[in-house]
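Reading the structure
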Amino acid sequence: MRLSRYFLPVLREDPKEAEIVSHRLMLRTGMIRQEAAGIYSWLPLGFRVLKRIENIVRREQDRAGAIEMLMPTIQPAELWKRSGRYDDYGKEMLRISDRKEHELLYGPTNEEMITDIIARSVQSYKQLPLNLYHIQWKFRDEIRPRFGVMRGREFLMKDAYSFDLTREDGEHAYNKMFVAYLRTYAAMGLKAIPMRAETGPIGGNLSHEFLILADTGESQVYFDAAFHEKDWTTFELDYDDREAVAKVVEEFTSMYAATEEMHDPERFEKEVPEERRISGRGIEVGHIFFFGDKYSRPLGAKVLGPDGEEHYLQSGSYGIGVSRLVGAIIEASHDDAGIVWPEPVAPFQVGLINLRSGDEATEAACEKIYAELENAGLEVLYDDTSERAGEKFTRMDLIGLPWQVIVGPRGLKEGVAEIKRRASGERENVPLENVADWLRERLNPTG
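The sections below set out a description of the structure shown in this document. (Residues numbered from 1 in each chain as written. Predicted model: local features only at pLDDT ≥ 70, side-chain atom pairs only at ≥ 80, totals over all residues. Heavy atoms only, no water.)

With respect to the secondary-structure elements, S162 resides in strand 8 (residues 154-164). Among the residues examined, S162 registers a relative accessible area of 1% and is labelled buried. At 2.7 Å, the side chain of S162 and the side chain of Y318 are in polar contact. (Helix = DSSP H or I, 4+ residues; strand = E, 2+ residues; numbered from the N terminus. Buried < 20%, exposed > 50% of the residue type's maximum accessible area, 1.4 Å probe, protein only. Polar contact = N/O pair within 3.5 Å; in protein donor to acceptor, adjacent residues only side chain to side chain.)

Encoded structure:
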């Protein structure tokens with residue numbers, strides 16, 4: 001993509017309304033623009049990151065055996081009244097009526113709707129197990145929306161719902177999602193620590209939050225440093241192998257990790273050596289629940305079992321805040337110059353900078369490198385504008401692409417381009433004809 005033809009409305013000054021780093025940087029880099037309190041338009045750069053994260057989430061859900069679908073954002077109130085949550089949910093739920101005075105709501109979550117779908121479609125245990133998910137925009141009317149996409153009113157979320165015949169089967173479905181979440185965050189370059197959590201308005205008695213560390217996190221967290229020592233990328237396992245899946249879950253849940261609400265200081269001191277005790281702030285990026293028949297009973301989701309008797313389904317729900325993750329990643333990965341994107345979620349893999357626009361030789365070299373990078377399957381943002389070099393460097397650092405290829409007259413005389421790694425600042429001169437191959441060896445092509 002040529003920057004001269006791209007829509008990237010970068011702000012020169014920090015926006016006054018931004019209270020935290022991710023909100024400031026998302027506005028400054030032209031990733032989002034606010035339309036109303038807690039409601040944002042996702043501009044091209046931000047939308048690319050959003051889709052990167054969404055695709056990683058989708059890949060790992062599919063790998064774990066979940067099946068994608070899509071439910072509507074507007075739901076009938078009657079379903080929520082049957083489950084007993086319509087009044088309990090409070091003012092966060094946006095309640096509306098259509099022209100025929102039917103009571104509707106803008107869905108904050110989908111337990112009732114998916115359970116009703118299953119109740120009307122599944123009659124036999126032979127149709128189980130099932131895990132259905134969708135990636136959909138939701139709305140919760142936060143009393144004080146703030147921090148940009150970290151606590152907005154409209155947000156993009158992946159939510160999955162498992163349905164099983166027995167509690168044992170249901171807990172296996174929960175364990176599969178637990179492992180899938182570890183894989184998902186690792187694929188984004190993150191370590192999201194699973195912590196035993198309260199179930200809140202979702203209900204049930206088994207729940208874990210997944211949190212990443214950041215100074216601006218909303219939760220105080222306490223955990224064993226052993227989490228940092230684990231390899232989070234080795235979960236290549238058969239999801240139907242209950243023993244293998246349960247073993248991974250046990251490895252992680254056996255180590256101490258708790259939010260402030262669930263923290264037990266005595267247990268922390270007893271189980272974790274002093275040199276391994278870590279406390280800090282965490283940002284929730286996922287939450288999973290197992291709630292048994294909490295929704296299947298009031299909504300009539302039951303099947304005939306192998307014994308010929310009717311059984312209410314055992315269910316769980318599994319959420320990942322896709323849009324929230326964009327802000328959370330920035331909170332965890334930035335420096336004084338701007339965003340530092342982990343490679344798997346970066347909007348572009350490479351930024352190509354022409355230091356002398358209008359110079360025939362420099363432009364020819366850039367055009368050749370640009371074509372070679374794209375032919376190698378790499379996604380490139382080519383700064384072909386006529387702005388000064390300093391402005392180009394500042395903007396490229398601000399938007400945080402993992403690699404920068406810098407081409408100017410001085411390097412051309414030596415037959416090299418300078419390649420900079422954004423995360424470390426390391427620089428290396430690479431022969432012009434080798435640039436594409438050099439980067440391809442260090443990146444995963446998307447084409």
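Let us look at the pairing of strand 19 (residues 350-354). A regular strand carries its side chains on alternate faces of the sheet. Summarising burial for strand 19: five of the five residues are buried, a large majority. Burial along strand 19 is two-sided: the face carrying V350, L352 and N354 and the face carrying G351 and I353 are both buried. Sheet analysis places strand 19 next to strand 20 (residues 380-383), joined by four bridges and oriented parallel. Looking across to strand 20, one finds that G351 is bridged to L381. (Pairing = 2+ DSSP bridges.)

Attention now goes to helix 1 (residues 21-28). The buried count for helix 1 comes to seven of eight residues, which makes it a mostly enclosed element. Considered for burial, the residues of helix 1 that qualify are V21, S22, H23, L25, M26, L27 and R28.

The strand order 20-19-21-22-23 describes an open sheet built from five strands, whose pairing is mixed. This sheet does not close on itself; its edge strands, each paired only once, are strand 20 and strand 23 (427-431). Strand-to-strand twist across the sheet, computed as the mean angle between neighbouring axes with direction ignored, equals 25°. Where strand 21 (residues 403-407) lies against strand 22 (residues 416-421), four bridges are found, and the strand directions are antiparallel. Along strand 22, the bridge assignment pairs W403 with R421. Contacts from helix 11 (residues 360-375) reach strand 19, strand 20, strand 21 and strand 22, with the element oriented near 165° to strand 19. Of the strands in this sheet, strand 19, strand 20, strand 21 and strand 22 are in contact with helix 12 (residues 389-399), which crosses strand 19 at around 175°. (Axes fitted to C-alpha atoms, helices over the stretch in contact; angles between N-to-C directions. Contact = heavy atoms within 4.5 Å.)

What follows deals with the pattern of salt bridges. Here the structure, examined in full by the defined rule, presents 40 salt bridges. Notably, a salt bridge pairs R63 with E60, separated by 3.3 Å at the nearest N-O pair. Of this pair, R63 and E60 are both found in helix 2 (residues 44-63), three residues apart, which corresponds to roughly one turn of the helix. With a relative accessible area of 1%, E60 lands in the buried category. A salt bridge links E78 to R82; the shortest N-O distance between them is 3.4 Å. With a gap of four residues between them, E78 and R82 both fall in helix 3 (residues 77-83), about one helical turn apart. Each of K51, E54, R58 and E68 takes part in one network of salt bridges that share partners. (Salt bridge = Lys/Arg side-chain N within 4 Å of Asp/Glu carboxyl O.)

All quantities given are derived from atomic positions and should not be read as evidence of function.
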